[in-house]
Amino acid sequence: MMEVLDILLSASFWAAAVRIASPLIFATMGEIICERAGVLNLGIEGIMVIGAFAGWMAVYQGAPLWSGVAVAMLAGMLFGLLHATLTVPFGLSQHVVGLGVTLLATSTSYYAYRLILPEVSSPPKIEPFQPFEIPILADIPIIGEALFAQTPLTYAAFGLAALVAFALYRTPLGLALRSVGENPAAAEAQGLSVTGLRMGAVIVGSGFMAVGGSFLTLSAFSSFFFEMVNGRGWICIALVVFGMWQPGKAVLGALLYAAFDAFQIRLQQLPIGNVVPYQFFLMMPYILSIAALIAMSRRAEVPAALMVPFNRGDR
Amino acid sequence: MNQDKTGAQSETVLRLNGITKRFGALVANDAISLDLRRGEVVALLGENGAGKTTLMNILFGHYVADAGHVEAFGEPLPPGQPRAALEAGIGMVHQHFTLADNLTVTENILLGTVPLWRMGLGLGQAKARIAQLSKDFGLSVHPDAKVGTLTVGERQRVEILKALYRDAKILILDEPTAVLTPQETDALFETLRKAVALGLSIVFISHKLHEVTAIADRCVVLRHGKVVGEVNTADTDRHALASLMVGAEITPPEVSPATPGRALLQLRDVSTPSEGAVPGLDHVTLDLKAGQITGLAGVSGNGQAALSDLISGLRMPQNGAMIIGGADQATWSPRLAVHAGIARIPEDRHHTGTIADFDLTENTILETYMDPPVSHAGWMNWSAAENMAQEVIDAYDVRCPGPSTRIRLLSGGNMQKLILGRVLERNPKVILANQPVRGLDIGAITYVHNRLLAARDAGAAVLLISEDLDEIIQLSDVIHVISEGRLSPEFPRGAKTPAELGLWMAGQGFDGDAHAA
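Below or above, wherever it landed, is the structure these notes cover. Within every chain, residues take consecutive numbers counted from 1 along the sequence as written. Numbering of ligands from 1 and lettering of chains from A proceed in the order in which they are written. Local features in a predicted model are, by the rule used here, given only for residues with pLDDT of at least 70; side-chain atom pairs are given and counted only at 80 or more, and totals for whole chains, interfaces and linings are based on all residues. The basis for every side-chain value is the complete set of heavy atoms in the structure, and neither hydrogens nor water enter the calculation.

1. Thoughts on the pairing of strand E4 (residues 67-72) of chain B
Residue and element names in this part refer to chain B.
Consideration 1: Sheet analysis places strand E1 (residues 12-23) next to E4, joined by five bridges and oriented antiparallel. For Leu-16, the partnering residue across the bridge sits in E4 and is Val-70.
Consideration 2: Bridging between E4 and strand E5 (residues 75-76) involves two bridges; their strand directions are antiparallel. Bridge pairing in E5 places Ala-72 opposite Glu-75.
Consideration 3: Linking E4 back to E5 in an antiparallel pair, the connection comprises two residues, with Phe-73 at a positive phi of about 50°. Two strands qualify as a pair provided that DSSP identifies no fewer than 2 bridges between them. Helix and strand assignments come from DSSP, with helices taken as H or I runs of at least 4 residues and strands as E runs of at least 2, each series counted from the N terminus.

Have a look at this one:
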C-alpha cells in the first residue's frame with residue numbers, strides 16, 4: 001500500500017501522466033473540431049500514424065524539429081481533405097470513410113518507411129525535442145516537474161486546448177462551426193456555407209491529429225516503428241464523448257487516462273507485478289476509461305447533426 | 001388595414017417574375033408572378049402541394065428556379081444564394097424552424113451576422129439590440145435560454161427576431177400559425193401589424209382562411225402550381241377564397257347529433273413518465289364512449305403522444321388503470337391492442353403507419369399478418385392478402401396502379417386512405433385517430449372526416465387527436481383539452497368558444513395551476 005502512495009506522490013509519475021496525455025490532447029482537440037462541425041472522423045488513428053511518420057522522416061532527412069511538426073500537420077491535412085471530400089460534398093458514410101482513411105494512412109506510412117529505408121533493421125533515431133524548464137515555475141515541488149519541465153510540444157498541446165475552447169465559444173467562427181454540427185439547415189438559412197465550414201473543420205482537425213501523432217516520434221520517442229500509435233486514436237474518440245464535446249473536460253479526461261496508464265506501468269514494477277500477469281495492468285486504463293465513459297456520457301449533449309450529411313435542397 | 005399607405009406612391013419591394021420549377025414530372029411552380037409593395041401584407045393561399053413553400057424556397061435561394069427571376073428593391077437577386085437574399089433584406093420564418101437546439105437564443109440570432117474571422121462575438125451589444133427589438137415588436141424571449149428548452153411559440157419569436165436583427169425589410173412567414181394556440185396567433189398578428197407600421201412588407205403563407213382575411217391586404221391564390229386568382233381581401237370573403245383555392249365548391253361534412261353508448265375504453269387516474277421535455281400523462285381519467293367522437297385539443301408536445309402510445313399498446317400506464325370493454329388490462333402490447341379491436345391511425349403515416357418500400361398488399365396486412373385468412377399455422381397465404389388489399393383499394397378509393405405498388409409512390413392522401421381502410425375494414429370498437437388529416441388536401445380531408453363519422457354512427461368510439469382546433473370543434477361530440485399531460489374536464493359540443501379552449505390549451509383552468517399562480 002505504501003508503495004502505491006509513493007508512486008502517487010512522486011513527481012516523475014505526474015510528469016509521465018502529463019507527457020502521455022499530450023498526444024491525446026492534440027488528437028482529441030482535432031476530433032472535437034470535426035465532431036462539433038458534424039463529422040465523425042474515424043480516420044484519426046491512421047492520421048496519427050501518418051503524422052508520426054511524416055514528422056519523423058522530415059527530421060531524419062535533416063529538417064529542423066518544428067519543420068517536422070509542420071510537415072506532420074500538412075500530411076494530416078492532406079488526409080483530412082480526402083476524408084472531408086468524401087463525407088461532406090459526397091455525403092458518404094462517415095464510418096466507412098473514416099476506417100478507410102485509417103487503413104490507407106497507416107499502410108501508406110508503413111509502405112513509405114520501407115521504401116525509403118529498405119535496409120534498416122533497427123529503427124534509426126533522431127534528436128527529439130528536449131524538456132524546457134520554465135524558470136521559477138519549474139522549481140515548485142512535484143507540480144513544477146510535472147507541468148513546467150516538459151517539451152515545447154506539451155506546452156503547445158495545452159495551448160491548443162485553450163485556443164480551441166476560446167474559438168468555439170467566443171468567436172463567430174466557433175459559433176458557425178457549432179451551428180453546422182447542430183442544425184446545418186439553420187446555418188444555411190443564415191447564409192453560411194455548410195460545406196465550406198465542415199470541410200475546413202475536418203481538414204484543420206486532421207492536421208492537429210497528425211501533430212498528436214508526431215509528438216510520439218518527435219518528443220516522446222526518437223524513432224518511428226510500426227504499431228507505435230497503438231489505438232491512441234480510438235482512445236481519443238472515447239475522450240471526446242467523455243469530455244462531452246468540450247475541450248476543457250476532454251483535457252481532464254486525457255489526463256485521467258494518462259494517469260491510469262502511467263500508474264499501471266509503475267505497478268508492473270512492484271512485487272505485485274510478479275503475481276498478477278502484466279496484461280492485467282495493461283488492461284486497467286481501458287477498463288477504467290470505459291467505466292468513466294459510461295458514467296459521464298449519459299448526460300452528454302451530442303451535436304445534433306453529428307454523422308448527418310447535409311444536401312442542399314433536400315427536405 | 002393600411003389602404004392609405006398602399007396608394008400610388010408605394011414602391012414595389014419584391015417582384016417574382018414567371019417562376020417555374022419542376023421536380024421530375026411534377027411542375028411545382030408554373031410561371032408564377034407576384035408583386036409585393038412596401039408596407040403591405042400579401043397572403044399566399046393554397047392547399048398543401050399547391051407550390052407555396054417551393055416558391056418561397058426559390059425566393060430565398062434554397063432552390064434554383066428552372067425559369068423566371070426575382071427582383072428585390074429593383075435589383076435582380078442571384079439564384080440559389082441564401083446569403084444574397086439575406087443581404088437584400090429578405091427574412092424568412094420557415095415552417096420547420098431552422099434553429100439549433102443546443103445553442104442559446106442570442107447565439108442563434110447572431111449566427112452568420114458577424115464576420116467569421118473576427119475575434120469576438122460581441123455578445124453584450126447583441127443582447128442589448130435583441131432586447132430593444134423584443135420591446136419594439138412585442139417579441140418577449142429570454143436571450144440566454146437554450147432554444148431546445150423553448151416552447152414552439154417562443155421559437156417562432158426567435159425566428160422572427162433573427163430576421164429583424166438583420167434589418168429585414170421583407171418578412172416571409174411560411175404557415176406561421178400551424179403550431180400556435182389562438183392566443184399566440186393573436187400575439188403574432190399584433191407583432192406583424194407593428195412590423196408593417198414600421199415599413200416592413202410581409203408575405204404570409206397559409207391555408208387558413210380566417211387568418212388570411214384577418215391579416216392580409218391582398219391575397220394571391222395558388223392551385224397546382226399556378227396563380228389562379230389575386231384579390232384584395234376587402235373585396236372578398238372566405239367562401240369565395242375557399243372556392244378559388246380548391247377549384248370547386250366544397251361542402252363540409254354534415255355532422256348529425258351523436259347517440260353515445262357505453263364506455264368502450266376507460267382510463268382511470270393514469271400517469272406515464274415524462275420523456276425529457278415532453279410530459280407524460282398526469283393522472284388522466286377519460287371515457288371513450290361508443291357512437292361518439294371525443295376530440296383532444298392541445299398544442300403539440302403536451303402529452304398527446306403519451307396518450308396515443310398508451311392506447312395503441314406501445315406503453316403501459318405507470319399507475320392507474322386502463323379498462324377495455326369492462327376488463328382491466330394487466331398486460332398490454334400493440335398486438336393485444338389490435339386484438340382488442342383498437343384501430344390505430346398513427347400521427348406519422350410515413351414513419352409509423354407504413355413501411356415505405358413494402359407494397360400495398362404488405363402494408364395492408366401489417367397488423368393482421370399472423371391471423372387467418374392471411375396466414376395459417378405459420379404459412380402466408382399471399383393470394384388472400386392480395387384480395388384483402390384489393391378490397392381496401394376498391395372500397396376506400398385508393399388511387400394506385402395496383403396492390404403490388406410500393407406505398408412510397410402514393411400521395412399522402414392515398415396512403416392515409418389505405419391506412420383508414422386497413423383498420424376500418426375490421427369493424428373496430430375503438431378508433432385512435434391521431435392527426436388523421438395532417439398534410440392532406442381538402443378533398444382528402446373531407447373523405448377522412450366522413451369515414452370517421454360513418455364509423456362513429458356504426459357504433460365505434462373515436463378519439464380524435466389534432467392540433468387544428470377548427471377540426472376538433474367541427475367533428476367532436478365532446479372535447480377534452482390536454483396541457484402538460486393534464487386533461488381538462490369533458491366539454492360537450494358548443495360548450496366552449498375557440499378562445500376559451502385556447503386558454504385551456506395554454507394551461508389555464510387546470511386545478512393545480514390555480515395554486516401555482
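2. Quick notes on empty space enclosed by the protein
Consideration 1: Grid points spaced at 1 Å over the protein atoms alone were grouped into cavities, where a 1.4 Å probe fits but cannot get out, and pockets, open sets with protein on both sides within 12 Å along at least five of seven lines, with lining residues defined by an atom within 4 Å of a point. Grid points are joined across faces, edges and corners, and a volume is the space filled by probe spheres set on the points. A complete count under the given rule lists four cavities of 30 Å³ or more for this structure.
Consideration 2: The computed volume of the largest cavity comes to approximately 100 Å³.
Consideration 3: Around the largest cavity sit Ile-235, Ala-238, Leu-239, Phe-242, Gly-253, Leu-256, Tyr-257, Phe-260, Leu-288, Ser-289, Ala-292 and Leu-293 of chain A, which together line it.
Consideration 4: Only helix H11 (232-242), helix H12 (247-268) and helix H14 (278-297) of chain A provide two or more residues apiece to the lining of the largest cavity.
Consideration 5: Considering only residue class, the lining of the largest cavity consists of 10 nonpolar, two polar and no charged.
Consideration 6: Of the voids in this model, the second largest cavity is the one considered here, and its volume is about 80 Å³.
Consideration 7: Residue lining of the second largest cavity: Ala-189 and Gln-190 of chain A together with Phe-60, Leu-86, Gly-91, Met-92, His-94, Thr-98, Glu-159, Lys-162, Ala-163 and Arg-166 of chain B, and that is the complete set.
Consideration 8: At the level of elements, strand E6 (90-93) and helix H5 (152-165) of chain B are the ones that each hand at least two residues to the lining of the second largest cavity. Following the grouping adopted for this structure description, the nonpolar residues are Ala, Val, Leu, Ile, Met, Phe, Trp, Tyr, Cys and Pro, the charged ones are Asp, Glu, Lys and Arg, and the polar ones are all others, Gly among them.

3. Description of the layout of surface pockets
Residue and element names in this part refer to chain B.
Consideration 1: Counted as a void, the second largest pocket has a volume near 970 Å³.
Consideration 2: Considering the residues around the second largest pocket, the lining is formed by 35 residues, among which Val-152, Val-299, Ser-300, Gly-301 and Asn-302 are closest to the centre.
Consideration 3: Every element with two or more residues in the lining of the second largest pocket is listed here: H5, helix H9 (304-312) and strand E20 (461-466).
Consideration 4: In terms of residue count, the dominant contributor to the lining of the second largest pocket is H5 (five residues).
Consideration 5: Partitioned by chemical class, the residues of the lining of the second largest pocket number 10 nonpolar, 15 polar and 10 charged.

4. Topic: the sheet that holds strand E11 (residues 263-271) of chain B
All names here are of chain B.
Consideration 1: Read from one edge of the open sheet, four strands run E12-E11-E14-E15, paired in antiparallel fashion. The two strands at the open ends of the sheet, each matched to only one other strand, are strand E12 (284-289) and strand E15 (327-328).
Consideration 2: Sheet topology note: the E11/strand E14 (residues 319-324) ladder contains five bridges and is antiparallel. Considered in E14, the bridge of Gln-266 is made with Ile-323.

5. Quick notes on the nonpolar core
Consideration 1: Grouped together as the largest cluster of nonpolar side chains are 142 residues, with contacts concentrated most on Met-29 and Phe-224 of chain A together with Ile-202 of chain B.
Consideration 2: Note on definitions: a residue-residue contact is assigned when non-hydrogen atoms from the two residues lie within 4.5 Å. Leave out the neighbours within four places in its chain, and Met-29 of chain A touches Leu-160, Ala-161, Val-164, Pro-247, Ala-250 and Val-251 of chain A.
Consideration 3: For this analysis, a nonpolar core means a set of buried residues of the types Ala, Val, Leu, Ile, Met, Phe, Trp, Tyr and Cys, connected via side-chain atoms within 4.5 Å. Only protein chains enter the accessibility calculation, which uses a 1.4 Å probe; a residue is then buried when its area is under 20% of its type maximum, exposed when over 50%, and partly exposed in between. Core analysis: the next-biggest nonpolar cluster, separate from the first, contains 40 residues, Tyr-396, Val-398, Leu-453 and Ala-460 of chain B among them.

6. What about the pairing of strand E10 (residues 226-232) of chain B?
Residue and element names in this part refer to chain B.
Consideration 1: The pairing of strand E9 (residues 218-223) with E10 spans six bridges and is classified as antiparallel. Bridge pairing links Leu-222 to Val-227 in E10.
Consideration 2: Connecting the antiparallel pair E9 and E10 is a turn made up of two residues, with His-224 showing a positive phi of about 50°.

7. A few points about the interface of chain A and chain B
Consideration 1: Contacts between the two partners involve 26 residues from chain A and, on the opposite side, 34 residues from chain B.
Consideration 2: Throughout this description, the term salt bridge denotes a Lys or Arg side-chain nitrogen within 4 Å of a carboxyl oxygen of Asp or Glu. Remark: the boundary between chain A and chain B carries one salt bridge.
Consideration 3: Of the charged contacts, one joins Glu-107 of chain B and Arg-178 of chain A as a salt bridge, the two residues approaching to 2.9 Å between their closest N and O atoms.
Consideration 4: Pairs of N or O atoms are called polar contacts if they sit within 3.5 Å, as long as, within protein, a hydrogen donor faces a hydrogen acceptor (for residues adjacent in sequence, only side-chain-to-side-chain pairs). One can count nine residue pairs in polar contact (both at pLDDT 80 or more) joining chain A with chain B.
Consideration 5: The leading source of residues in the side of chain A that touches chain B is helix H8 (residues 172-182) of chain A, at seven residues.
Consideration 6: Each residue belonging to the side of chain A that touches chain B can be placed in one class, and the counts come to 13 nonpolar, six polar and seven charged.

8. With respect to unusual backbone geometry
Glycine aside, the phi torsion of most residues is negative, and most peptide linkages are trans.
Residue and element names in this part refer to chain B.
Consideration 1: Residue Pro-372 is joined to Pro-373 through a cis peptide bond whose omega torsion reads 5°.
Consideration 2: Within the secondary structure, Pro-373 sits in the loop between helix H12 (360-364) and strand E17 (375-376).
Consideration 3: One non-glycine residue with positive phi stands out, namely Asp-167, at about 60°.
Consideration 4: Relative to the assigned elements, Asp-167 resides in the loop between H5 and strand E7 (170-174).
Consideration 5: Look at Glu-484: it is not a glycine, yet its phi comes out positive at around 50°.
Consideration 6: Counting through the fold element by element, Glu-484 comes out in the loop between strand E21 (478-483) and strand E22 (486-487).
Consideration 7: Judged by its relative accessible area of 53%, Glu-484 falls in the exposed class.

9. Some words on the sheet that holds strand E8 (residues 201-206) of chain B
Residue and element names in this part refer to chain B.
Consideration 1: Spatially, the six strands line up as an open sheet ordered E6-E7-E8-E3-E9-E10, and their pairing is mixed. Either end of the sheet is taken by a strand with one partner, and the two such strands are E6 and E10. Shown here is a sheet whose adjacent strand axes are inclined to one another by a mean of 15°, direction ignored.
Consideration 2: For strand E3 (residues 41-45) and E8, the ladder comprises five bridges, and the chain directions are parallel. Of the residues in E8, the one forming a bridge with Val-41 is Ile-202.
Consideration 3: The sheet strands contacting helix H6 (residues 182-197) are E3, E7 and E8, and the helix crosses E8 at an angle near 150°. Orientation is described by lines fitted to C-alpha atoms, with helices fitted over the stretch in contact, and by angles between N-to-C directions that extend from 0 to 180 degrees.

10. What to know about the packing of helix H7 (residues 152-170) of chain A against H8 of chain A
Residue and element names in this part refer to chain A.
Consideration 1: Look at H7 against H8: their axes get within 5 Å of each other, and the N-to-C directions meet at 75°. On the basis of the axis angle, H7 is roughly perpendicular to H8. Contact residues: H7 offers Ala-167, Leu-168, Tyr-169 and Arg-170, while H8 offers Pro-172, Gly-174, Leu-175, Leu-177 and Arg-178.
Consideration 2: Grouping the constituent residues of the contact of H7 with H8 by class yields six nonpolar, one polar and two charged. Any angle between 65 and 115 degrees counts as roughly perpendicular, while under 35 counts as roughly parallel, over 145 as roughly antiparallel, and the rest as oblique.

11. Notes on the packing of helix H3 (residues 44-60) of chain A against helix H4 (residues 65-87) of chain A
All names here are of chain A.
Consideration 1: It is at 7 Å that the axes of H3 and H4 come closest, and there the two elements cross at 145°. Our pair here, H3 against H4, has a crossing hand that is right-handed. Contacts between H3 and H4 pair Ile-47, Ile-50, Gly-51, Ala-54, Gly-55, Ala-58 and Val-59 from the former with Leu-65, Gly-68, Val-71, Ala-72, Ala-75, Gly-76 and Phe-79 from the latter.
Consideration 2: Grouping the constituent residues of the contact of H3 with H4 by class yields 10 nonpolar, four polar and no charged. In this scheme, a crossing is called left-handed if the near helix is turned counterclockwise away from the far one by less than a right angle; it is called right-handed if the turn is clockwise.

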